[in-house]
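# Summary of structural features
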Amino acid sequence: MAAADKAKQRLAVAKTYKIYIDGKFPRTESGRYFTLEDGKGTVIANICRSSRKDFRNSVVAARKAQRAWANASAYLRGQILYRIAEMLEGRSEQFVAELVLQGNTQRHAQKEVEASIDRLIYYAGWADKYQQVFSAVNPVASSHFNFSVLEPMGVISIIAPDDSGLIGIVSNIAPAMVGGNTCVVLASEQQPLCAVSFAEVLHASDVPAGVVNILTGLRSELTEQFASHMDVNAIAFCDGSRKVAATVQDLAADNIKRVISRRRMDWLSDQTANPYLIRDTQEVKTTWHPIGT
Amino acid sequence: MATPENKLAFDGGWEYDPAPEGVEHIRAKKRYGLYIGGKFVAAEKGRTFDTINPATEEKLARVAQASELDVDKAVKAARKAYTGPWGRMKASERGKYIFRIARIMQERAREFAAIESLDGGKPIRESRDVDVPLAAAHFFYYAGWADKLEYAFPGRKAKSLGVAGQVIPWNFPLLMAAWKLAPALACGNTAVLKPAETTPLTALKLAEVIADADLPPGVVNIITGAGDTGAAIVNHPGVDKVAFTGSTGVGRIIQKALAGTNKKYTLELGGKAANIIFADAAIDQAVEGIVNGIFFNQGHVCCAGSRLFVQEAVAEEVIQKLKDRMETLIVGDPLDKNTDIGAINSSMQLEKIQSYLEIGQQEGGTMHQSSCSVPETGYWCRPTIFTGVSQSNRVVQEEIFGPVLAIQTFRTFDEALSKANNTPYGLSGGVWTDKGAKIFKMTQSVRAGVVWANTFNKFDPSSPFGGYKESGVGREGGLHGLDAYVKLGV
C-alpha cells in the first residue's frame, strides 16, 4: 500500500484480549503472553498466559461470590442466563468473525454462535425446574418429614474443550452457574478469543462479579492447579489424554474433589445439553424433622 | 450409680439386674471360609485370622484371609454371574431374589443382632432395634426398584455397570453390607464385598442368607481380610465400580488409586458433625439429641454429632443437664438389654481414642467423664466431653470415632454457622430450635449431606445419605442412591 493511501485510511483499533477475574478485566499478573496466529502465521493477538496466582485469585473471587449467587432466586438466575443469551445474540457478528479468524468456516462459525445462544436459553429455562425434577420427599418409616434437595457444590474449576472457541465454554459454564455454583474457567488454548469476548458479554449481563472467572493460558501449565486447589469443590475437564485424566483425578483426591470427565463430547449436538450436566455439579442434601406436637 | 447431687436417677436407687440377650439360639461356626461362587472355600494360601469379642477379648471364630488370588477368583465369579444368569434375568425376577434376602433376614433378625453385638461390641438394643431391621428394610426397599429404574432417571436409560467391589467398615457391619449390596443388585450388578477385619461375622452370616435365598452362584461374593485385601479389590481390573465406606485418609488413597481407570466410585468417608443448640430449643429434647448424637454406637459413627455448639445463654444449663444425663448411661456388656454404651470395637480403636483424650487435655481442654464403672476385661471408654476448647484444637478438628464430644459456645446465628462449617468434613449436622424459620435457614446453610433438625442420627432406606467436601462422593439410600450403580445412556 502506498504511503499516500495509508495516510487517508482509518486505522482499525485492535482489541487487547485480557482475562476476567472478579468482574474486572486485568492482564495476567505474571505479565506473560502467548501469541495466537492464523493459519498463515500472522499474529492475531497476544493472549494472556495466566499464572497460578491468577488462578488462585480467581478462586478467591469465586468463593466470595458463591453464597450470594446460590441464594439468588432461581427465577433471577434464569433471567440472568437469558440476559447473557440476549447480549450474545446482539454481538453475534463479532463472535462469528472471531471464530472465522481462528480458522473456522463462516458456515460453522454461524452455526456455533447460534447454538451457543440457544444453549444459554436452554439452561436459563432449567433454572427453576431441575430442582423439581431431581428432588424427593422420602417416605421414611419413622415419624419424620424427610426431603432431599439439590444444592450447588460451590466453586467449580472448568477446563473448557480445546477444540471449540465458544460452544464448548458456554456449554460448561451454563449448567454450573444456573445451579448456583461459581466457576473458574480455562479457555481453549487454540481458540481463546471468544472466551474473552464472552466474558465481556457476561459482564454486560448482570452476572455478579466473581460468579464466572475466565482465564486464558497454557493447559500444560494450569491443569494441575485447576485439579489440586484445596478450595475448589469440583473439576470439570473436557479433553486431554488418559494420562492427563489420571493426573487430574490423582490431584483432585487431595480434597476429595468431585471429578467430572466430559471428554469426547460433541458440544454442537443438542444431545450434550441436558439437566444431568446441571446435576453433575450439585450435592444432594437430606433434611429430617420430627412430626409431632 | 445415683448420687444425691445427681438430678436424674433412672434406677430410683435400685441396681439394674443383668438382662443379657441369650446366645444359645445362634448358629455360629468356629471357622469361616470365603464365600466365592456360591460356596464357602478356604483361602488359596490357607491363611486365616481370628475375630474376637471386644467385650471379653475372647476369640469368636477363625476366618479366612483373602489374598490377591482369592480376590481374583471372586471377581471372576462375579463376572461370570454378571454375564450369565444375573445379567440375563428379568429385572422383576432379580427384584424377587432381593425381596427374599430381606425376608430371610427378618426371620433370623434375633440371631443377626446377637452376633453383631458379640463381634462388634455394640449394645444389643441398637443391633436389635437399628442395625438389623434397617439392613432388612434396605434390601426390601431396593428390591422394589429392580424393575422400575426407568422411572428413576427421566429422559435417560439406566444400565448396570458390571462387577461392584465393595469395602465396608466395622461400625455398622451388617447395615453397611446391606447399603452396598442392595442397590448394586437391584441395578443388575454383581458384587464382591469385604467386611472389616474386626467384624466379619454378620457379613458371613449374610452369605448364608444369600445362599438360602438361592441366588445364582457368584452374584454376591463375600471375602474377608484386612486392608491389603481391600486394596486388591479396589485395584482389580475386573471391577467396574468401587464403593467404599471408611476414613477420609483411605478414601483419598482409593480415589488416587482409581485415577486413570474408568471405574466409577462412591466414597462415604469421615465426619465431624456440628450439633447446634439454640437458646430457644426444647432443652431436654436437645440434651437427648446430644446424647444420641455422640454416644450412639460408642460414637463409632461417621455422622456422629461430635462437635457441640451451644448458644451462650443456655450453655451452662445444657452442659449441666448433659453431665447429669451422662451419669445415667450404662457402659458394659453389649448383650445386656440395659446397656447404653457397649465395647469399643478394637484395642487399636481404643488406643486411638485414648490418645485423643490426652491430646485434648494437653491442648488445654477441660475433660469430663461420667463416673460409671467399666468391666475389667474388654475395651471400654466412658462417655467423655471436652469444654474450653477452640476451633483449632485437634479434638475439634479431627474425627475421633469414639464417645468424645467437643463443646463450644456461640452468640449469634452467623457465629454458629461459620464455626459449624469450619471443617473439611461435611457429612451431617444437627440444629435444635423451636423456630421454624431458623431451622430452614440453618439446615440450608450447613454444608453437609444430611441435616437433622430437632432430631439426630436417624436413618432410613428411602433417605439418601452421604457427604459434602471431604466426607465423600455420592449418596447411598433412596432414589439418589441408585445413581451409584448405573450408567446413564439415551
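Residues numbered from 1 in each chain as written. Chains lettered and ligands numbered in written order. Predicted model: local features only at pLDDT ≥ 70, side-chain atom pairs only at ≥ 80, totals over all residues. Heavy atoms only, no water.

## Brief notes about the overall build of chain A
For chain A, the helix and strand inventory stands at eleven helices and ten strands. In terms of C-alpha radius of gyration, chain A reaches 21 Å, essentially the compact-globule figure of 19 Å for 293 residues. Dimensions of chain A, computed from C-alpha atoms along their principal axes, come out at roughly 90 × 35 × 30 Å. Restricting to contacts in chain A with at least 6 residues of sequence separation, those with at least 24 account for 77%. Element-wise, carbon and sulfur atoms account for 53% of the exposed surface of chain A, whose accessible area totals about 12,600 Å². Averaging the positions of the 33 positive and the 30 negative side-chain charges in chain A gives two centres separated by 3 Å. (Helix = DSSP H or I, 4+ residues; strand = E, 2+ residues; numbered from the N terminus. Rg over C-alpha atoms; globule rule 2.2 N^0.38 Å. Contact = heavy atoms within 4.5 Å. Areas by Shrake-Rupley, 256 points an atom, 1.4 Å probe, with all protein chains shown as cover. Lys, Arg positive; Asp, Glu negative; His and termini not counted. Charge placed at Lys NZ, Arg CZ, Asp CG, Glu CD.)

## Digging into the environment of Glu476(B)
Residues and elements named next belong to chain B. With respect to the helices, strands and loops of the structure, Glu 476 is situated in the loop between β19 (472–473) and β20 (486–489). The exposure class of Glu 476 is buried, given its relative accessible area of 3%. Once the C-alpha coordinates of Glu 476 and Phe 465 are considered, the two residues, eleven residues apart in sequence, prove to be 5.2 Å apart. Those residues in contact with Glu 476 that lie beyond four places of it in its chain are Trp 179, Lys 180, Thr 245, Glu 268, Ser 463, Pro 464, Phe 465 and Gly 481. At a separation of 2.7 Å, a polar atom in the side chain of Glu 476 contacts the side chain of Lys 180. (Buried < 20%, exposed > 50% of the residue type's maximum accessible area, 1.4 Å probe, protein only. Polar contact = N/O pair within 3.5 Å; in protein donor to acceptor, adjacent residues only side chain to side chain.)

## Some words on the interface of chain B and chain A
Between chain B and chain A, the residue contacts involve 50 residues of the former and 45 residues of the latter. Among the residues of chain B in contact with chain A, Gln255(B), Lys256(B) and His480(B) are the three that bury the most area, contributing 15% of the side total. The tally of links between chain B and chain A comes to four salt bridges. Residue Asp250(A) is joined to Lys256(B) by a salt bridge in which the shortest nitrogen-to-oxygen separation is 3.4 Å. At the boundary of chain B with chain A, the tally comes to 29 residue pairs in polar contact (both at pLDDT 80 or more). Taken together, the three bridges between strand β10 (residues 282–290) of chain A and strand β18 (residues 450–453) of chain B define a ladder with parallel strand orientation. Paired with Thr287(A) across the bridge in β18(B) is Val451(B). (Buried area = accessible area lost by both parts, 1.4 Å probe. Salt bridge = Lys/Arg side-chain N within 4 Å of Asp/Glu carboxyl O. Pairing = 2+ DSSP bridges.)

## Describing the packing of aromatic side chains
This model, assessed by the stated rule, comprises 19 aromatic pairs over all chains. Aromatic pair Phe145(A) and Phe147(A): ring centres 5.4 Å apart, planes at 40°, arrangement tilted. Note on Phe145(A): relative accessible area 42%, which makes it partly exposed. An angle of 70° between the planes, with centres 4.9 Å apart, marks the rings of Phe99(B) and Phe140(B) as edge-to-face. (Phe/Tyr/Trp six-rings, centres within 6.5 Å; stacked < 30°, edge-to-face > 60°.)

## Section: the pattern of salt bridges
Residues and elements named next belong to chain B. Per the stated rule, a full pass over the model turns up 45 salt bridges over all chains. In this structure, the salt-bridge partner of Lys 321 is Glu 317, at a minimum N-O distance of 3.4 Å. On the criterion of helical spacing, the pair formed by Lys 321 and Glu 317 is a turn pair, its members being four residues apart in helix α11 (residues 312–328). The network of salt bridges with common partners includes Arg 108, Glu 111, Lys 205, Glu 208 and Asp 212.

## Considerations on the confidence of the model for chain B
With 99% of its residues at a pLDDT of 70 or more, chain B has an overall mean of 96. For this predicted complex, the interface confidence score (ipTM) comes to 0.96, while the overall pTM stands at 0.96. (pLDDT = per-residue confidence, 0-100.)

## Examining the sheet that holds strand β6 (residues 182–186) of chain A
Residues and elements named next belong to chain A. Strand order in the open sheet formed by five strands is β7-β6-β5-β8-β9, and the pairing between neighbours is parallel. The open sheet terminates on both sides in strands that have one partner only, identified here as β7 (212–215) and β9 (258–261). Averaged over all neighbouring strand pairs, the angle between strand axes comes to 15°, with direction disregarded. Here strand β5 (residues 155–159) runs beside β6; their pairing, made up of five bridges, is parallel. Bridging across to β6, Val 155 finds its partner in Thr 182. (Axes fitted to C-alpha atoms, helices over the stretch in contact; angles between N-to-C directions.)

## What to know about the side chain of His236(B)
All names here are of chain B. When you line up the elements, His 236 lands in the loop between α8 (227–235) and β10 (241–245). Its relative accessible area of 12% is what places His 236 among the buried residues. Of note is the side chain of His 236, whose polar atom sits 2.8 Å from the backbone nitrogen of Gly 238. Among residues more than four places away in sequence, those in contact with His 236 are Val 71, Asp 72, Val 75 and Lys 263.

## Here's the deal with the sheet that holds strand β1 (residues 31–32) of chain B
Spatially, three strands are ordered β1-β5-β4 (chain B) in an open sheet, and the strand pairing comes out mixed. Looking at which strands have only one partner, the edges of the open sheet turn out to be β1 and β4 (48–53) of chain B.

## Details of the domain arrangement of chain B
Residues and elements named next belong to chain B. Splitting chain B by domain gives domain 1 (31–269 + 468–489) and domain 2 (274–453). Each of domain 1 and domain 2 has a C-alpha centre, and these two points are 30 Å apart. Roughly 2,800 Å² of surface becomes buried between domain 1 and domain 2 when both sides are summed, with 55% attributable to carbon and sulfur atoms. When the buried surface of domain 1 facing domain 2 is broken down by residue, Trp 170, Tyr 468 and Lys 469 rank first, second and third, together holding 22% of it. Put simply, Asp 340 and Arg 125 hold a salt bridge, and the shortest N to O gap is 2.9 Å. Elements with a minimum of two residues in the side of domain 1 that touches domain 2: α4 (109–120) and α5 (124–145). For the side of domain 1 that touches domain 2, the class distribution of residues is twelve nonpolar, nine polar and ten charged. (Domains from an automatic or database assignment. Nonpolar A, V, L, I, M, F, W, Y, C, P; charged D, E, K, R; others polar.)

## Brief notes about the state of the cysteines
All names here are of chain B. This structure, assessed with the given rule, holds zero disulfides over all chains. With no disulfide of its own, Cys 303 lies 5.0 Å from the sulfur of Cys 302, the closest cysteine sulfur. Considering cysteine sulfurs only, Cys 372 is the nearest to Cys 381, which forms no disulfide, with 9.3 Å between them. (Disulfide = S-S within 2.5 Å.)

## Description of the environment of Val96(A)
All names here are of chain A. Summarising the element assignment, Val 96 is placed in helix α4 (residues 92–101). It is 29 Å that separates the C-alpha atoms of Val 96 and Phe 226, two residues lying 130 residues apart in sequence. Sequence-distant contacts of Val 96, defined by excluding residues within four places in its chain, comprise Gln 106, Ala 109, Gln 110 and Val 113.

## Thoughts on unusual backbone geometry
Residue and element names in this part refer to chain B. Despite not being glycine, Gln 298 shows a phi value in the positive range, around 60°. Along the polypeptide, Gln 298 turns up in the loop between α10 (283–295) and β13 (307–311). Despite not being glycine, Phe 401 shows a phi value in the positive range, around 65°. Summarising the element assignment, Phe 401 is placed in the loop between α13 (394–397) and β16 (404–410). The buried category is assigned to Phe 401, whose relative accessible area is 16%.

## Observations regarding the nonpolar core
In terms of nonpolar packing, the biggest core is built from 174 residues, with Phe198(A) and Ile214(A) touching the most fellow members. The element that contributes the greatest number of residues to this core is helix α6 (residues 173–186) of chain B, accounting for eleven residues. Each of domain 1 (31–269 + 468–489) and domain 2 (274–453) of chain B gives at least three residues to this core. (Core = buried A, V, L, I, M, F, W, Y, C linked by side-chain atoms within 4.5 Å.)

## Here we look at the side chain of Asp22(A)
Residue and element names in this part refer to chain A. Along the polypeptide, Asp 22 turns up in the loop between α1 (3–8) and β1 (33–37). Reaching out from Asp 22, the side chain makes a polar contact with the side chain of Lys 64 at a distance of 3.3 Å. Apart from the residues within four sequence positions on either side, Asp 22 is in contact with Ala 61, Lys 64, Ala 209, Gly 210 and Asn 213.

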